[in-house]
Amino acid sequence: MYQIIDGKKISQEIKDELKEKVAALKAAGTQICLAVIQVGSDPASSVYVGNKKKACAYIGIESQAYELPEETTQEELLDLVRRLNADDKVNGILVQLPLPKQIDEEPVIQTIAPEKDVDGFHEKNVGALCVGSKGYVSCTPLGIIQLLKRSGIEIAGKRCVVIGRSNIVGKPMALLLLRENGTVTICHSRTTDIKEITRQADILVVAIGKPKFVDETYVKEGAVVIDVGIHRDENNKLCGDVDFERVAPHTSAITPVPGGVGPMTIAMLMHNCVSAVE
Ligand code: GUN
(Lines give C-alpha, C1' and ligand atoms only; values in the text may rest on other atoms or scores of the structure.)
Protein backbone atom coordinates (compact mmCIF):
# COMPACT_ATOMS: atom_id res chain seq x y z
CA MET A 1 0.00 0.00 0.00
CA TYR A 2 1.29 3.45 -0.84
CA GLN A 3 1.29 6.61 1.27
CA ILE A 4 -0.56 9.65 -0.05
CA ILE A 5 1.54 12.68 0.89
CA ASP A 6 -0.97 15.16 2.30
CA GLY A 7 0.16 18.64 1.29
CA LYS A 8 -2.96 20.22 2.69
CA LYS A 9 -2.26 18.87 6.17
CA ILE A 10 1.48 19.57 6.09
CA SER A 11 1.00 23.11 4.77
CA GLN A 12 -1.53 23.75 7.56
CA GLU A 13 1.02 22.58 10.16
CA ILE A 14 3.60 24.97 8.72
CA LYS A 15 1.14 27.88 8.62
CA ASP A 16 0.18 27.24 12.24
CA GLU A 17 3.85 27.20 13.29
CA LEU A 18 4.38 30.47 11.43
CA LYS A 19 1.27 32.03 12.95
CA GLU A 20 2.76 31.48 16.41
CA LYS A 21 6.10 32.94 15.33
CA VAL A 22 4.42 36.01 13.83
CA ALA A 23 2.41 36.56 17.03
CA ALA A 24 5.64 36.49 19.05
CA LEU A 25 7.32 38.90 16.62
CA LYS A 26 4.33 41.23 16.83
CA ALA A 27 4.42 41.13 20.62
CA ALA A 28 8.06 42.20 20.38
CA GLY A 29 7.09 45.09 18.08
CA THR A 30 7.98 43.62 14.67
CA GLN A 31 5.40 43.72 11.88
CA ILE A 32 5.75 41.89 8.57
CA CYS A 33 4.45 43.31 5.31
CA LEU A 34 4.32 41.61 1.90
CA ALA A 35 3.65 43.62 -1.28
CA VAL A 36 2.00 41.58 -4.04
CA ILE A 37 1.95 43.00 -7.55
CA GLN A 38 -0.33 41.64 -10.25
CA VAL A 39 -0.30 43.09 -13.76
CA GLY A 40 -3.46 42.39 -15.76
CA SER A 41 -6.22 40.01 -14.76
CA ASP A 42 -5.14 36.51 -15.79
CA PRO A 43 -7.76 34.37 -13.98
CA ALA A 44 -5.25 31.78 -12.68
CA SER A 45 -2.98 34.55 -11.36
CA SER A 46 -5.96 36.20 -9.65
CA VAL A 47 -6.71 32.93 -7.84
CA TYR A 48 -3.05 32.54 -6.74
CA VAL A 49 -2.81 36.16 -5.61
CA GLY A 50 -6.11 35.83 -3.70
CA ASN A 51 -4.77 32.71 -1.93
CA LYS A 52 -1.56 34.54 -1.02
CA LYS A 53 -3.53 37.41 0.54
CA LYS A 54 -5.68 34.93 2.46
CA ALA A 55 -2.61 33.11 3.82
CA CYS A 56 -1.09 36.45 4.92
CA ALA A 57 -4.29 37.35 6.80
CA TYR A 58 -4.36 33.92 8.47
CA ILE A 59 -0.77 34.11 9.66
CA GLY A 60 -0.86 37.77 10.68
CA ILE A 61 1.25 39.23 7.89
CA GLU A 62 0.07 42.51 6.39
CA SER A 63 -0.38 42.35 2.62
CA GLN A 64 -0.41 45.25 0.19
CA ALA A 65 -2.05 44.47 -3.14
CA TYR A 66 -1.02 46.34 -6.30
CA GLU A 67 -3.35 45.54 -9.18
CA LEU A 68 -1.96 47.20 -12.30
CA PRO A 69 -3.75 47.35 -15.66
CA GLU A 70 -2.87 44.92 -18.47
CA GLU A 71 -1.27 47.75 -20.53
CA THR A 72 1.21 48.76 -17.77
CA THR A 73 4.63 49.53 -19.24
CA GLN A 74 7.92 48.00 -18.18
CA GLU A 75 9.08 51.36 -16.81
CA GLU A 76 5.88 51.84 -14.75
CA LEU A 77 6.31 48.40 -13.20
CA LEU A 78 10.02 48.98 -12.52
CA ASP A 79 9.14 52.32 -10.86
CA LEU A 80 6.73 50.59 -8.50
CA VAL A 81 9.30 47.89 -7.65
CA ARG A 82 11.93 50.57 -6.93
CA ARG A 83 9.48 52.45 -4.72
CA LEU A 84 8.73 49.28 -2.74
CA ASN A 85 12.46 48.49 -2.49
CA ALA A 86 12.93 51.86 -0.79
CA ASP A 87 9.91 51.48 1.52
CA ASP A 88 11.15 50.33 4.95
CA LYS A 89 7.69 49.12 5.90
CA VAL A 90 7.71 46.51 3.09
CA ASN A 91 9.67 43.34 3.94
CA GLY A 92 8.79 41.22 0.92
CA ILE A 93 7.95 41.94 -2.73
CA LEU A 94 6.30 39.48 -5.07
CA VAL A 95 5.55 40.12 -8.73
CA GLN A 96 3.06 37.50 -9.90
CA LEU A 97 4.16 35.75 -13.10
CA PRO A 98 3.46 35.51 -15.99
CA LEU A 99 3.57 39.19 -16.95
CA PRO A 100 1.83 40.64 -20.04
CA LYS A 101 3.85 40.30 -23.26
CA GLN A 102 5.08 43.93 -23.44
CA ILE A 103 6.99 43.39 -20.18
CA ASP A 104 10.29 41.53 -20.02
CA GLU A 105 10.22 39.44 -16.83
CA GLU A 106 13.94 39.16 -16.23
CA PRO A 107 14.77 42.87 -15.60
CA VAL A 108 11.73 43.09 -13.32
CA ILE A 109 12.89 40.14 -11.21
CA GLN A 110 16.45 41.48 -11.08
CA THR A 111 15.22 44.91 -9.93
CA ILE A 112 13.61 43.48 -6.78
CA ALA A 113 16.01 44.03 -3.86
CA PRO A 114 17.48 40.55 -3.12
CA GLU A 115 16.68 40.96 0.61
CA LYS A 116 12.98 41.47 -0.29
CA ASP A 117 12.84 38.78 -3.01
CA VAL A 118 10.66 36.30 -1.11
CA ASP A 119 10.10 34.31 -4.33
CA GLY A 120 13.84 33.54 -4.44
CA PHE A 121 14.07 34.39 -8.15
CA HIS A 122 16.82 37.06 -8.01
CA GLU A 123 20.24 35.98 -9.32
CA LYS A 124 21.79 36.72 -5.94
CA ASN A 125 19.42 34.30 -4.19
CA VAL A 126 19.79 31.67 -6.91
CA GLY A 127 23.58 32.04 -6.64
CA ALA A 128 23.38 31.67 -2.85
CA LEU A 129 21.46 28.41 -3.24
CA CYS A 130 24.04 27.22 -5.74
CA VAL A 131 27.02 27.80 -3.43
CA GLY A 132 25.14 26.85 -0.24
CA SER A 133 24.99 30.23 1.49
CA LYS A 134 21.97 31.95 3.04
CA GLY A 135 19.27 33.38 0.79
CA TYR A 136 15.67 32.95 -0.27
CA VAL A 137 14.79 29.74 -2.09
CA SER A 138 11.99 29.35 -4.65
CA CYS A 139 8.84 28.35 -2.77
CA THR A 140 7.63 25.29 -4.70
CA PRO A 141 10.89 23.28 -4.49
CA LEU A 142 11.37 24.40 -0.89
CA GLY A 143 7.88 23.07 -0.15
CA ILE A 144 8.69 19.74 -1.78
CA ILE A 145 11.68 19.27 0.55
CA GLN A 146 9.35 19.92 3.50
CA LEU A 147 6.81 17.40 2.13
CA LEU A 148 9.54 14.76 1.94
CA LYS A 149 11.06 15.52 5.36
CA ARG A 150 7.74 15.75 7.18
CA SER A 151 6.62 12.46 5.59
CA GLY A 152 9.72 10.71 6.94
CA ILE A 153 11.28 10.21 3.49
CA GLU A 154 15.08 10.14 3.53
CA ILE A 155 16.83 12.04 0.70
CA ALA A 156 20.52 11.47 1.53
CA GLY A 157 22.06 8.80 -0.68
CA LYS A 158 18.91 8.42 -2.81
CA ARG A 159 18.76 8.62 -6.59
CA CYS A 160 16.68 11.69 -7.34
CA VAL A 161 15.40 12.51 -10.83
CA VAL A 162 13.78 15.84 -11.68
CA ILE A 163 11.83 16.16 -14.94
CA GLY A 164 11.88 19.83 -15.96
CA ARG A 165 14.58 22.52 -15.87
CA SER A 166 12.69 25.77 -15.23
CA ASN A 167 14.21 28.51 -13.08
CA ILE A 168 11.20 28.40 -10.74
CA VAL A 169 11.03 24.63 -10.11
CA GLY A 170 13.39 22.24 -11.93
CA LYS A 171 16.75 23.90 -11.36
CA PRO A 172 16.27 24.96 -7.71
CA MET A 173 14.69 21.53 -7.01
CA ALA A 174 17.81 19.78 -8.26
CA LEU A 175 20.05 22.06 -6.16
CA LEU A 176 17.97 21.49 -3.01
CA LEU A 177 18.00 17.71 -3.45
CA LEU A 178 21.76 17.93 -3.92
CA ARG A 179 22.05 20.04 -0.75
CA GLU A 180 20.19 17.21 1.05
CA ASN A 181 22.83 14.78 -0.27
CA GLY A 182 20.73 13.13 -2.96
CA THR A 183 22.31 11.97 -6.22
CA VAL A 184 20.54 14.13 -8.76
CA THR A 185 19.75 13.92 -12.47
CA ILE A 186 17.72 16.49 -14.43
CA CYS A 187 15.72 15.34 -17.46
CA HIS A 188 14.24 17.77 -20.00
CA SER A 189 12.78 18.03 -23.48
CA ARG A 190 16.10 17.08 -25.14
CA THR A 191 16.82 14.09 -22.90
CA THR A 192 17.04 10.83 -24.80
CA ASP A 193 15.76 7.60 -23.21
CA ILE A 194 13.99 9.50 -20.46
CA LYS A 195 12.27 6.38 -19.07
CA GLU A 196 15.60 4.62 -18.64
CA ILE A 197 16.63 7.46 -16.33
CA THR A 198 13.35 7.97 -14.47
CA ARG A 199 13.09 4.22 -13.80
CA GLN A 200 16.27 4.50 -11.69
CA ALA A 201 14.75 7.16 -9.44
CA ASP A 202 14.08 6.51 -5.77
CA ILE A 203 12.55 10.01 -5.70
CA LEU A 204 10.98 11.30 -8.93
CA VAL A 205 9.90 14.97 -9.14
CA VAL A 206 7.79 15.76 -12.18
CA ALA A 207 7.55 19.38 -13.31
CA ILE A 208 7.12 19.05 -17.06
CA GLY A 209 3.84 20.93 -17.51
CA LYS A 210 2.06 18.22 -19.53
CA PRO A 211 -1.12 16.60 -18.17
CA LYS A 212 -0.70 12.93 -17.11
CA PHE A 213 2.67 12.73 -18.94
CA VAL A 214 4.15 10.20 -16.51
CA ASP A 215 2.55 6.76 -16.42
CA GLU A 216 3.67 3.57 -14.64
CA THR A 217 6.26 2.82 -17.34
CA TYR A 218 8.38 5.76 -16.06
CA VAL A 219 8.46 4.63 -12.45
CA LYS A 220 10.49 2.11 -10.48
CA GLU A 221 8.46 -0.11 -8.15
CA GLY A 222 8.38 1.50 -4.69
CA ALA A 223 9.60 4.96 -5.79
CA VAL A 224 8.42 8.23 -4.24
CA VAL A 225 6.67 10.41 -6.84
CA ILE A 226 6.14 14.16 -6.47
CA ASP A 227 3.80 15.84 -8.97
CA VAL A 228 4.23 19.59 -9.52
CA GLY A 229 1.75 19.92 -12.42
CA ILE A 230 -1.77 21.27 -12.29
CA HIS A 231 -4.11 21.03 -15.29
CA ARG A 232 -7.71 20.31 -16.22
CA ASP A 233 -8.26 16.96 -17.91
CA GLU A 234 -10.76 16.13 -20.68
CA ASN A 235 -13.55 15.96 -18.05
CA ASN A 236 -12.57 19.36 -16.58
CA LYS A 237 -11.20 17.57 -13.48
CA LEU A 238 -7.92 18.77 -11.92
CA CYS A 239 -4.97 16.53 -12.71
CA GLY A 240 -1.19 16.68 -12.54
CA ASP A 241 1.78 15.81 -14.75
CA VAL A 242 1.47 12.27 -13.37
CA ASP A 243 -1.33 9.84 -14.21
CA PHE A 244 -2.16 9.23 -10.53
CA GLU A 245 -4.47 6.22 -10.99
CA ARG A 246 -1.90 4.32 -13.03
CA VAL A 247 1.23 5.36 -11.13
CA ALA A 248 0.14 5.37 -7.46
CA PRO A 249 -0.08 1.55 -7.00
CA HIS A 250 3.58 1.25 -8.07
CA THR A 251 4.90 3.86 -5.60
CA SER A 252 5.67 3.83 -1.89
CA ALA A 253 4.45 7.45 -1.61
CA ILE A 254 2.93 9.97 -4.00
CA THR A 255 1.48 13.49 -3.93
CA PRO A 256 -2.11 13.95 -5.15
CA VAL A 257 -3.35 16.81 -7.37
CA PRO A 258 -4.94 18.85 -5.90
CA GLY A 259 -3.78 18.77 -2.28
CA GLY A 260 -0.13 17.81 -2.78
CA VAL A 261 2.53 20.29 -3.84
CA GLY A 262 0.13 23.22 -4.53
CA PRO A 263 -0.68 24.24 -0.94
CA MET A 264 3.01 23.99 0.01
CA THR A 265 4.05 26.83 -2.32
CA ILE A 266 2.04 29.39 -0.35
CA ALA A 267 3.12 27.97 3.01
CA MET A 268 6.77 28.39 1.98
CA LEU A 269 6.10 31.92 0.69
CA MET A 270 4.84 32.69 4.19
CA HIS A 271 7.96 31.01 5.60
CA ASN A 272 10.15 33.26 3.42
CA CYS A 273 8.21 36.36 4.52
CA VAL A 274 8.79 35.49 8.17
CA SER A 275 12.48 34.85 7.57
CA ALA A 276 12.65 38.32 5.94
CA VAL A 277 12.44 39.87 9.42
CA GLU A 278 14.29 37.17 11.38
N1 GUN B 1 3.50 32.20 -11.04
C2 GUN B 1 3.42 30.85 -10.88
N3 GUN B 1 4.13 30.47 -9.79
C4 GUN B 1 4.65 31.60 -9.26
C5 GUN B 1 5.47 31.85 -8.13
O6 GUN B 1 5.88 30.95 -7.37
N7 GUN B 1 5.79 33.15 -7.91
C8 GUN B 1 5.38 34.15 -8.72
N9 GUN B 1 5.77 35.39 -8.44
N10 GUN B 1 4.62 33.94 -9.78
C11 GUN B 1 4.26 32.67 -10.04
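Notes on the structure in this doc start here. Quick caveat: nothing in here was measured; it's all calculated off a predicted structure.

1. Focus: the pattern of salt bridges
When the charged atoms of two side chains with opposite charge come close together, those side chains can pair. Counting across every chain of the model gives 13 salt bridges. Residue R150 is joined to E13 by a salt bridge in which the shortest nitrogen-to-oxygen separation is 3.7 Å. Taken as a pair, R150 in helix 6 (residues 139-150) and E13 in helix 1 (residues 7-27) lie far apart in primary sequence, 137 residues in all. Under the relative-accessibility criterion, R150 is labelled partly exposed at 33%.

2. Considering helix 5 (residues 123-131)
The periodicity of an α-helix, 3.6 residues per turn, causes residues three or four places apart in sequence to face the same way. Listed in full, the buried residues belonging to helix 5 are N125, A128 and L129. All buried residues of helix 5 project into a common sector of 100° when viewed along the axis, lining one side. Facing away from the buried side of helix 5 by over 90 degrees, the exposed positions are E123, K124, C130 and V131. Where helix 5 is buried, its residues contact helix 7 (170-179). Where helix 5 terminates, the next one or two residues include G132, which has phi positive at roughly 85°.

3. Comments concerning the pairing of strand 8 (residues 223-227)
Burial analysis of strand 8 places five of its five residues in the buried class, which makes it a mostly covered element. Alignment of strand 7 (residues 203-206) against strand 8, held across four bridges, turns out to be parallel. Opposite V206, over in strand 8, you have D227 as the bridge partner. When strand 8 meets strand 11 (residues 251-254), the two strands line up parallel, connected through three bridges. Bridged to V225 within strand 11 is I254.

Rules used in this analysis
- Residues numbered from 1 in each chain as written.
- Predicted model: local features only at pLDDT ≥ 70, side-chain atom pairs only at ≥ 80, totals over all residues.
- Heavy atoms only, no water.
- Salt bridge = Lys/Arg side-chain N within 4 Å of Asp/Glu carboxyl O.
- Helix = DSSP H or I, 4+ residues; strand = E, 2+ residues; numbered from the N terminus.
- Buried < 20%, exposed > 50% of the residue type's maximum accessible area, 1.4 Å probe, protein only.
- Arc of directions from axis to C-beta.
- Contact = heavy atoms within 4.5 Å.
- Pairing = 2+ DSSP bridges.

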